[in-house]
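Geometric and topological summary
Okay, here's what each chain looks like letter by letter:
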Amino acid sequence: QVHLVESGGGLVQPGGSLRLSCAASGRTFSNYNMGWFRQAPGKEREFVAAISWSGGSTDYADPVKGRFTISRDNAKNTVYLQMNSLKPEDTAAYYCAARFSRSRKASEYAYWGQGTQVTVSS
């Protein structure tokens, strides 16, 4: 079992920045590839970004490419999502997830956090 807890969400104006954190406990964090997903009301959960177990490989959804950065600190058992140039359409609940191999498919992730809300509004 891997237990994931997200933090760092909040209300931010368009053009602003937020950094989300996801703290992991349980099994060895560095064994897992990590992903960030988001879900807006009435919409399906969608892929945002993923990072390999070592941090050496990353993947981003087109809508966030160039604005969001995923990173991890295996010594702290934490994965981050730095979000810059935020837009109203980025408003959603953001979730981190873990699995052994990297994927863009939410259905393939076994472990999920409870989510943190990000609202981009003036």
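1. Some details on the pattern of salt bridges
As enumerated under the stated definition, the model contains 6 salt bridges in all. For Arg104, the salt bridge identified is with Asp59, shortest N-O distance 2.7 Å. With Arg104 in the loop between β9 (92-99) and β10 (111-112) and Asp59 in strand β6 (residues 58-60), this pair connects stretches of sequence that are 45 residues apart. Among the ionic pairs, Asp62 bridges to Lys65, the shortest N-O distance being 3.1 Å. Accessibility expressed as a relative area gives 61% for Asp62, which makes it exposed. The class of Lys65 is partly exposed, set by a relative accessible area of 49%. When salt bridges with common partners are traced through the structure, they connect Arg38, Glu46, Arg67 and Asp90 into a single cluster.

2. Things to note about the environment of Val5
By secondary structure assignment, the location of Val5 is in strand β1 (residues 2-7). Classification of Val5 as partly exposed rests on a relative accessible area of 36%. In the structure, Val5 is positioned 96 residues away from Ser101 in sequence and 20 Å away in space, judged by C-alpha atoms. When near neighbours in sequence (up to four residues on either side) are disregarded, Val5 contacts Ser21, Cys22, Ala23 and Gln114.

3. Topic: the sheet that holds strand β8 (residues 78-83)
In space, the 4 strands of this open sheet follow the order β1-β3-β8-β7, with antiparallel pairing throughout. Pairing within the sheet leaves two strands with one partner each, and these edge strands are β1 and β7 (68-73). Along the sheet, successive strands turn relative to each other by an average axial angle of 15°, direction set aside. One ladder, built from 6 bridges, connects β7 with β8; its direction is antiparallel. Looking at the pairing, Ile70 lines up with Leu81 of β8.

Conventions used here
Residues numbered from 1 in each chain as written. Predicted model: local features only at pLDDT ≥ 70, side-chain atom pairs only at ≥ 80, totals over all residues. Heavy atoms only, no water. Salt bridge = Lys/Arg side-chain N within 4 Å of Asp/Glu carboxyl O. Helix = DSSP H or I, 4+ residues; strand = E, 2+ residues; numbered from the N terminus. Buried < 20%, exposed > 50% of the residue type's maximum accessible area, 1.4 Å probe, protein only. Contact = heavy atoms within 4.5 Å. Pairing = 2+ DSSP bridges. Axes fitted to C-alpha atoms, helices over the stretch in contact; angles between N-to-C directions.

Keep in mind that these numbers describe shape and distance, not what the molecule does.
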